[in-house]
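# Coordinate analysis (summary)
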2 protein chains.
Amino acid sequence: MRAHEEGSVTGIPYFTSLSSSIYHLKIALLTSSSSSAMARSKALQTNLDVDYVISYHFAKTDKAKAIAQFDKLCEALASVGLQTEVRDGGSHSILLFVRVASDEHLFGEVYRSRVRDWIHGVRSAAPSKITRESLESEPLYEAERLRIIYQLITNPPSEGGAGITPKEGEWENVKSIFPLHDHVYNKDWIKKWTSQYFLTTEDLDDIRNRLGEKIAFYFAFTQSYFTFLIPAAGFGLLSWLFLGSFSPIYGLASAMWCTAFTEYWKQQEVDLGVRWGVKGVSKIDVRKTEFEPEKSITDPVTGERVGFFPASKRFQRQLLQIPFALVAALSLGTVIATCFGIEVFISEVYNGPLKSVLVFIPTGILTTVNPILNTLLTQAATRLTEFENYETHGAYEKALTQKIFVMNFIMSYLAIFLTAFVYVPFGKVIVPYLDIFNVAVRPFAEDEKQLHLDTTSSSWSINPGRLRKQVIYFTVTAQVVNLGMELVVPYLKRRGFAKYKEMQSDRAAKNGGAAPSPTANDPPEDAEFLDRVRKEAELDFYDVTTDLREMVVQFGYLSLFSVVWPLTAVSFLINDWIELRADAMKICVEMRRPTPWRADTIGPWLDSLSFLTWLGSITTSALVYMFWNDHTGPSGSPSNIKLWALLLTVFFSEHLFILFRWGVRIVLSKLDSPGLQQERRERYLVRKQYFEENLSQLQHMPRLSEKGDDITRTSLEEEARMGSLRDSTPEIRFWQRQRGWRESAAVAKKLMERAKNESVVEGKKEL
Amino acid sequence: MRAHEEGSVTGIPYFTSLSSSIYHLKIALLTSSSSSAMARSKALQTNLDVDYVISYHFAKTDKAKAIAQFDKLCEALASVGLQTEVRDGGSHSILLFVRVASDEHLFGEVYRSRVRDWIHGVRSAAPSKITRESLESEPLYEAERLRIIYQLITNPPSEGGAGITPKEGEWENVKSIFPLHDHVYNKDWIKKWTSQYFLTTEDLDDIRNRLGEKIAFYFAFTQSYFTFLIPAAGFGLLSWLFLGSFSPIYGLASAMWCTAFTEYWKQQEVDLGVRWGVKGVSKIDVRKTEFEPEKSITDPVTGERVGFFPASKRFQRQLLQIPFALVAALSLGTVIATCFGIEVFISEVYNGPLKSVLVFIPTGILTTVNPILNTLLTQAATRLTEFENYETHGAYEKALTQKIFVMNFIMSYLAIFLTAFVYVPFGKVIVPYLDIFNVAVRPFAEDEKQLHLDTTSSSWSINPGRLRKQVIYFTVTAQVVNLGMELVVPYLKRRGFAKYKEMQSDRAAKNGGAAPSPTANDPPEDAEFLDRVRKEAELDFYDVTTDLREMVVQFGYLSLFSVVWPLTAVSFLINDWIELRADAMKICVEMRRPTPWRADTIGPWLDSLSFLTWLGSITTSALVYMFWNDHTGPSGSPSNIKLWALLLTVFFSEHLFILFRWGVRIVLSKLDSPGLQQERRERYLVRKQYFEENLSQLQHMPRLSEKGDDITRTSLEEEARMGSLRDSTPEIRFWQRQRGWRESAAVAKKLMERAKNESVVEGKKEL
């Protein structure tokens, strides 16, 4: 009863209790190894003014060199006004705590950042030249402050920073630079989120203030997507109940929904960009420190010597993408197609013993081989992109994202494509050839007959449920598994690592040379805090693009294949409600606090989104044409499909899509949004201020119109003077015939009166 | 010999003499009615400091009202610092000469304009608040000065102008406001252009300085197009010689060329926009004075009361576009299709007498009906667009251009579409039904047989040359006729008008009430000048969009149908060389000097260009598929065309086009251009200036790194003070353990030395 009362305050008792218990579970997971929960919670209360922690590992370096380099590190930090404190980090690492001691350098960086923004149109007004004033009128929010300090630490000295580049070059020992979690805030955050259905714009503002715009954009995207999923899920449910699969009505609605969402999000990006004051930041080039120039040239713009890498040479290197794409497509494709073939063979040709077990062989192969291949290919893609030697972070990320997207596309969608466009239409032609896969099950077969399709009996027919089953697998089972993996694997990893360390120090203790526990030297009052920091230092790095990719891939299923199973959106709706909260928890609990970065877009993934929407218009129409007829699909022989009709359907659908997209863009461009309004208001205020300052002078001037009247002594003298100049130039003579507007008007009056009255008479007649 | 020598200086004797004689002819045309060529040429030398001439017509208004309104006009002009002079304009009109007398108002307008530019990102730096200084550092060029004065005259008083709106509302009597031609410059201009093959960027700069960016953009576009035509013409000639019509190689090259040109021009627009300092001006909304708000609301941005017209109501009105488009398509389509049918009937079915004469009937119908329909529909489109009640000029122009483009599309291309996609493939099915057109020739036929196709004898077959003939007609004959019309019609119109006026005054003289000649009151020394101004006042208004439309329509033939006749580009190359010069002459001689406007694009025509390129990829591939087989096209019955193959060709070709366009965009975005470089340089300089001013302060600050060393009295005192605060807060205690970076480094050194040396040992083993 009491629980019910508590719940009824928010109206959502179930979710509240579910989610808060999830949170408590997570916090418990994090703190499970702590002996004193009380003391820990105290250590979680404060960050002791620490801005950043630098984790310095010296295990693999010569000791003298490591000491010298650490000296250099401290000096570099001090030179940009950062105060340092050193503590033992354990396992051959040192924790270097950093905080801003001298505001001047911070102000310098703020100023540089704001001038850069203003030049690129991110800010509408130039920053005040006195930075202190400028900062008083526009104080930094937390994420901005952290970003600026990070830049102070990592920017090259020529740009006013300390030049510390983690894991690179001479700073190889600097394993990470990270801010500390704000656990009090994090707890409130998760609690709040898990107790509400929808995230408001203020919730997103909050993320932006804490974690920076880049992460906030991910959450904003997922939230927009979630909101759009609600009507899609509703319509999907109705379709499933009343229209069934492959309904052209659902297909049309789905394609329109995808288009509307993609275009809406593009608008929304602009809006949020303005709201967060970051519109245009993606145009500011951030140079990569890893860029390796071939030669140095004089920049035509700045006149400075800069590194140069010829575009033609980069293009040659980019050509390597072709073999890479081929290798990726072939290797992934072969694995997937082989498993697909084996699976079809076992489930539909093979009829020997152990069939129900053997049918999992392909899943087994996929589960083991695919992640390995994926890791290998991702590494290759990263290396290849590095080899392409981009000058800016933006170009690098774009190139890498494209490669990753291709790989993900193959892994995620190829199996369904094979079923829909190869297995079903050409099944009768192809399946007999699947005999080659009998090697996989030969040991289990009792006689040869079990291994061959009896084509003569024609007992075999296409399994029409296969396509739907596959879609359901990818849109429900795989999503749930994925979500679970995301939460559980890092936890297991962390536990395993702790266990490993424990064992190692045990072993070391047995060997006699007991490693000194890092806690031994901790001042007692800092001990808990340091323990917490050491744990945070061991957490994983949070890469928001991974989460973003997941969402884009999920959107792809909806766009490409949801016509097969209209409940797809329902599954995603539920999944994403949890996903949003799980990601928040992941950031708070399982990852180091990320460095806040700015962004005004979800970046290259936006292109992937547009591409998937486009492709969706093609696949959906093709699926509808091929399968709608009898709700089971073509019977397996290609002759039943009329190619011209299929092509006509696709052609028509694709152009309908392009037309519709154009219409949506026009409608959206006409709508006003808070962000655009804010932008206009800012512009208006700046302009008004300028106008008022300048034009107030104009008001006090005498108007020329009054000049004609006052025939004063001055004007008469002027006239006399002008008279004496009468012969000077034709211009003066032309312009002095009439003095003032009254004389002009008088002359005109005379002319008009003298003119023949014809027309006026005519006009009167008409009356 | 002498002539040859003269010519050899420029190396192009023929064109020089040809073109200069054209120019002399034109000048002669203009001045032919003058009695004294000598005196006239003197009047052409100077504009007597006149900035603008206002032509005030009072024939159709009540005289008293006209006088009162003129009074108001003069006062309004004087109130914004403009000096006025009145002269008789003849035929119930008054010429009001205007020049800037008080700089303050002009400066005010310049300042307003520059602040607006800066807010919209057109200028990178804010204008100096003291306008006089700002103008000294950036003087106005001629077109800018004229534009600013025009705005001073026409802007509403609330924005600092005189509020004179020609031909509208209370200013209905103000027929036109125009600057005077600079005949000395014009003569040099034409002479220069007619004696050079190519126009340089400096030539375009010159137009921009004189006539403003909007007209300069037209010339720049045509010049770019001309330059691109050179390789296209060369390849076209080779194709014509060696590949023949409907060659897939030519089709591919043509589609690629069109795409490359369209994308190149988009880049070029940006480049020129930066070069001319107008990049972004199209984003500045210019409000239409004709806008009729439904109600007035409080602007959420400025807080002022502004007119409001609900978008939903505008959308309802825009729905009228559907019936309009249907009417336009049906009426134009019916006329064209009927004429097409009659022509086919006469030339291929009818075999009675007078066939060679009767075959011109459809051309006759088209020549008379089409211009009438065109005028009616253009008027309807204009009214419809006005009814749609747009708030800004940009939106209005876009809406109007779209309608005009649809009409032009039907008029220009429908006939060829009918031949290619209806007549040729379905000829045998359709032609027998053309019997209905026998009414057109029945009176001439001798017996019924001549009116009917003898289908049984099957003597009739598709005329394979028809398509080519038609394309040649549209791309050569029609272009030449058009060019001629453009030059001759205005001349005839002007002559006719002069004749009419002469006759009218003769008649008036006969009736006794001889109208006083306007020249009677002219001061003798101004007489020639005034005569010239009266002539200029009677010239037509120059609308650059007409010329632009012509170019876009021409581009359409190239993109859509040039595969039919590869020499198309050669014809256009010649035509456009003349067109560019003819347009320059037209502006100088046959039109009033246009008010210079700014622009950073060719506007909505760019969309038309993209659309035509896209459609070209479809028509070209379809034509190649249908006609390539035997160089004559399908035999007339639709069964020969395989729909699936046609669709596959089109589908493939369209996606190849989209892929290629994507590639071109990427390549172009990588290229550096002078404009982009200039933009970067400007940004860099502004930023550098800001940085230097601010950061020079930072250099003088002591570095924290030095702080650790000097254990002075102060620092010792500080330490003592800190010690007393020891119990204060955990933060202070945490951060005071190490003082300065040297202490941090020392602590770290100790930690590192104490750490077990395992890994280092391992590392050495590996060595």
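Cut-off values and rules
Residues numbered from 1 in each chain as written. Chains lettered and ligands numbered in written order. Predicted model: local features only at pLDDT ≥ 70, side-chain atom pairs only at ≥ 80, totals over all residues. Helix = DSSP H or I, 4+ residues; strand = E, 2+ residues; numbered from the N terminus. Axes fitted to C-alpha atoms, helices over the stretch in contact; angles between N-to-C directions. Parallel < 35°, antiparallel > 145°, perpendicular 65-115°, else oblique. Left-handed = near helix turned anticlockwise from the far one by under 90°. Contact = placed C-beta atoms within 7 Å. Nonpolar A, V, L, I, M, F, W, Y, C, P; charged D, E, K, R; others polar. UniProt positions renumbered as here; feature names shortened; annotations may be inferred. Core = buried A, V, L, I, M, F, W, Y, C linked by C-beta atoms within 7 Å. Buried ≥ 20, exposed ≤ 12 C-beta atoms within 10 Å, placed from the backbone. Expected span 1.5 Å × (residues − 1). Least-squares fit on C-alpha atoms with pLDDT ≥ 70 in both. Pairing = 2+ DSSP bridges.

Excluding glycine, residues mostly have negative phi values, and the peptide bonds linking residues are mostly trans. Residues and elements named next belong to chain B. In the Ramachandran plot, Leu48 falls in the positive-phi region, its phi being about 50° despite a non-glycine side chain. Within the secondary structure, Leu48 sits in the loop between α3 (37-43) and β1 (52-57). Non-glycine residue Lys167 carries a positive phi angle of around 65°.

What follows is about the packing of helix α9 (residues 201-211) of chain A against helix α10 (residues 213-243) of chain A. Residue and element names in this part refer to chain A. At their nearest, the axes of α9 and α10 sit 7 Å apart, and the two run at 155° to each other. One way to sum up the angle between α9 and α10 is to call them roughly antiparallel. Seen from above, α9 lies across α10 with right-handed handedness. On the side of α9, the interface is formed by Leu204, Ile207, Arg208 and Leu211, while α10 contributes Glu213, Ile215, Ala216, Phe219, Ala220 and Gln223. Looking at the contact of α9 with α10 residue by residue, the classes come out as seven nonpolar, one polar and two charged.

Following the UniProt record, the feature "transmembrane region" (unreviewed entry) maps to residues 215-243, 322-346, 358-377, 405-426, 471-492, 555-574, 611-629 and 641-664 of chain A here. Secondary structure over residues 405-426 of chain A splits into 100% helix and 0% strand, and the C-alpha atoms at its two ends are 28 Å apart.

This brings us to the nonpolar core. Tyr52(A), Val53(A), Leu77(A), Ile153(A) and Leu623(A) are the most contacted members of the largest nonpolar core, which totals 148 residues. Ranked by the residues each element gives to this core, the list is headed by helix α16 (residues 393-430) of chain A, at 15 residues. In terms of nonpolar packing, the next biggest core, distinct from the first, is built from 147 residues, Val122(B), Ile148(B), Ala381(B) and Ala569(B) among them.

Residue and element names in this part refer to chain A. Helix length check: helix α15 (residues 361-387), at 27 residues, gives a terminal C-alpha distance of 38 Å against a target of 39 Å (1.5 Å per residue), a fit within 8%. Residues of α15 that are buried: Pro362, Leu377, Ala381 and Thr385. Packing partners of the buried residues in α15 comprise α13 (321-349) and α16. Following α15 by one or two positions, Asn389 adopts a phi angle in the positive range, close to 60°.

Further remarks concern the interface of chain A and chain B. Between chain A and chain B, the contact holds 92 residues from the first and 92 residues from the second. Broken down by element, the residue count for the side of chain A that touches chain B peaks at 13 residues, all from helix α23 (residues 674-699) of chain A.

Superposition record for chain A on chain B: RMSD 0.1 Å, screw rotation 180°, translation along axis 0.0 Å. The operation mapping one copy onto its partner corresponds to a two-fold rotation axis. Closest to the rotation axis within chain A is the C-alpha of Trp644(A), separated from it by 2.0 Å. A share of 100% of the interface residues of chain A reappears at the interface of chain B, consistent with the copies meeting face to face through the same patch.

Before going further, it helps to examine the sheet that holds strand β2 (residues 82-88) of chain B. One open sheet holds the four strands; their spatial order is β2-β3-β1-β4 (chain B), and the pairing between them is antiparallel. Each edge of the open sheet carries a strand with a single partner, namely β2 and β4 (174-178) of chain B. Across the sheet, the axes of successive neighbouring strands diverge by a mean angle of 20°, strand direction being ignored. With six bridges joining them, β1(B) and strand β3 (residues 93-100) of chain B adopt antiparallel strand pairing. Bridge assignment links Val53(B) to a residue of β3(B), and that residue is Phe97(B). Relative to the sheet, helix α26 (residues 740-754) of chain A contacts β2 and β3 of chain B, its axis offset from that of β2(B) by approximately 15°. With respect to the sheet, helix α18 (residues 527-537) of chain B is in contact with β1, β2, β3 and β4 of chain B, its orientation differing from that of β1(B) by roughly 70°.

Our focus in this paragraph is the sheet that holds strand β4 (residues 174-178) of chain A. Residue and element names in this part refer to chain A. Strands sit in the order β2-β3-β1-β4 across an open sheet of four strands; the sheet is antiparallel. For this open sheet the edge positions go to β2 (82-88) and β4, each flanked by a neighbour on one side alone. Each adjacent strand pair in this sheet contributes to an overall mean axis angle of 20°, direction not counted. Sitting on the sheet, helix α4 (residues 63-79) is in contact with β1 (52-57), β2 and β3 (93-100), with an inclination near 150° to β2. Across the sheet, helix α18 (residues 527-538) is in contact with β1, β2, β3 and β4; its angle to β1 comes to roughly 70°.

Residues and elements named next belong to chain B. With seven of seven residues buried, β2 lies mostly within the body of the structure. Residues of β2 alternate between two faces, with Leu82, Thr84, Val86 and Asp88 on one and Gln83, Glu85 and Arg87 on the opposite face, all of them buried. Sheet analysis places β2 next to β3, joined by seven bridges and oriented antiparallel. Across the sheet, residue Thr84 finds its bridge partner in β3, namely Val98.

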